[in-house]
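# Inside the fold
The primary structure of each chain is shown beneath.
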Amino acid sequence: MIQEPASSESGFEPEATRRESGVAESSRANRGWWDRNADEYQIEHGTFLGDDRFVWGPEGLDEVEAELLGPPEDLKGKQVLEIGAGAAQCSRWLAAQGASPVALDISHRQLQHALRIGGAFPLVCADAGALPFADASFDLACSAYGALPFVADPVLVLREVRRVLRPGGRFVFSVTHPIRWAFPDEPGPEGLSVSASYFDRTPYVEQYIENGVGSAVYVEHHRTLGDRVRDIVAADLRLVDLVEPQWPAWNTSEWGGWSPLRGNLIPGTAIFVCVRD
């Protein structure tokens, strides 16, 4: 599931701020946000994502060409966990290659869209920080903008992924490139000037204020590039590649703050390829 900047709830405008947000609040807020916004998200981006494509980010890098999980012919018979699956487009592509995917998402409404499109593989509604699977259940795991940008404790998620992977298993995940946090989230020229500290890890929170207390409805967490590497190491995974897709000439579309203008100048997506030894 590829994420984009949050939107307001119907009839009310949440306050955007930067403040701390823990594991429980982040999980609760983002589950609710994706349940409320899944319909709009699939309408707006469904054509770009397709029903059975495996796209790693708004640049349009496709697993068919990237082969970050391995050659397509080697996927046959593999047990694969997709985390933050949304409407399970990636899982549908994996199934077409002969793999046996499981599509997991925190949002029940997103998984209803997966049901609408169809597919003969399991759909699981669960938090990535507490995967409901036995140890060493999967050969591969993947996440296209799913879970990692929204969790307060990424190491918890990475350790859970390691637990359910078999030795030699690979986990590939994409997130907003950390450098983007220093720039305004705008697709035009205004998005090309640094406006914040890259080193400020304070989460981005959209919230409603009631009796002077903020109630989060959307939370996104920033990790620097070094933080992401250290998180992977802390989870006892081995980083084997870091892919920063260039913006292709064929892609003339905008997606939130992603655009050809920005994509030709600064990276928008970072893809981490990890192995469980």
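I will try to describe carefully the structure that is included in this document.

The rules behind the values
Residues numbered from 1 in each chain as written. Predicted model: local features only at pLDDT ≥ 70, side-chain atom pairs only at ≥ 80, totals over all residues. Heavy atoms only, no water. Disulfide = S-S within 2.5 Å. Buried < 20%, exposed > 50% of the residue type's maximum accessible area, 1.4 Å probe, protein only. Salt bridge = Lys/Arg side-chain N within 4 Å of Asp/Glu carboxyl O. Helix = DSSP H or I, 4+ residues; strand = E, 2+ residues; numbered from the N terminus. Polar contact = N/O pair within 3.5 Å; in protein donor to acceptor, adjacent residues only side chain to side chain. Axes fitted to C-alpha atoms, helices over the stretch in contact; angles between N-to-C directions. Contact = heavy atoms within 4.5 Å. Pairing = 2+ DSSP bridges. Core = buried A, V, L, I, M, F, W, Y, C linked by side-chain atoms within 4.5 Å.

A full pass over the atoms with the stated rule returns 0 disulfides. Distance from the sulfur of Cys-90, which forms no disulfide, to the nearest cysteine sulfur (Cys-142) is 6.1 Å. By relative accessible area, which is 6% here, Cys-90 ends up buried. Looking at the unpaired Cys-274, the closest cysteine sulfur is the one in Cys-142, lying at 12 Å. For Cys-274, a relative accessible area of 0% puts it in the buried group.

Moving on: the pattern of salt bridges. Applying the stated rule across the entire model yields 12 salt bridges. Put simply, Arg-163 and Glu-160 hold a salt bridge, and the shortest N to O gap is 2.9 Å. Of this pair, Arg-163 and Glu-160 both sit in helix α5 (residues 154-164), separated by 3 residues, roughly a single helical turn. Overall, Arg-163 belongs to the partly exposed group, its relative accessible area being 25%.

In this section: the environment of Arg-92. Tracing the sequence through the fold places Arg-92 in helix α3 (residues 89-96). Judged by relative accessible area, which is 11%, Arg-92 ranks as buried. Considering only alpha carbons, one finds Arg-92 and Ala-144, 52 residues apart in sequence, at a separation of 14 Å. Only 3.3 Å separates the side chain of Arg-92 from the backbone oxygen of Ala-114, close enough to count as a polar contact.

This part is about the packing of helix α1 (residues 23-49) against helix α4 (residues 108-117). Viewed as axis vectors pointing N to C, α1 and α4 meet at an angle of 35°, and their least axial separation amounts to 7 Å. Here α1 contributes Trp-34, Asp-35, Ala-38, Asp-39, Tyr-41 and Gln-42 to the contact with α4, which in turn contributes His-108, Arg-109, Gln-110, His-113 and Arg-116.

With that settled, consider the sheet that holds strand β5 (residues 138-144). Here we have 7 strands laid out as an open sheet, ordered β4-β3-β2-β5-β6-β10-β9, and mixed in their pairing. Each having just a single partner strand, β4 (123-125) and β9 (238-243) make up the two edges of the open sheet. Here the strands of the sheet are splayed against their neighbours by 20° on average, with no regard to which way each runs. Bridge analysis of strand β2 (residues 79-83) against β5 gives 3 bridges, and the strand direction is parallel. What sits directly across from Val-80, in β5, is Leu-140. With respect to the sheet, α3 is in contact with β2, β3 (100-105) and β5, its orientation differing from that of β3 by roughly 175°.

The phi angle at Ala-147 is positive, at roughly 70°, despite the residue not being glycine. Checked against the element boundaries, Ala-147 lands in the loop between β5 and α5. Judged by relative accessible area, Ala-147 falls into the buried class, the value being 13%. Of note in the backbone geometry, Asn-211 takes a positive phi value of approximately 55° without being a glycine. On the secondary structure map, Asn-211 appears in the loop between β7 (204-210) and β8 (213-220).

Looking at soluble globular proteins, one finds that nonpolar side chains tend to be buried together. Core analysis: the largest hydrophobic core is formed by 28 residues, its most contacted members being Leu-81, Ile-83, Leu-104, Phe-133, Val-161, Phe-171 and Phe-173. Of all the secondary structure elements, the ones that give two or more residues to this core are β2, β3, β5, α5, β6 (165-176) and β10 (269-275). Discounting residues that sit within four places of it in the chain, Leu-104 has contacts with Leu-81, Glu-82, Ile-83, Gly-84, Ala-85, Val-124, Ala-126, Leu-131, Pro-132 and Phe-133. Trp-56, Cys-90, Trp-93 and Val-172 belong to the second largest nonpolar core, which has 18 residues in total.

It is worth stressing that arrangement in space is one thing and function is another; only the former is reported here.
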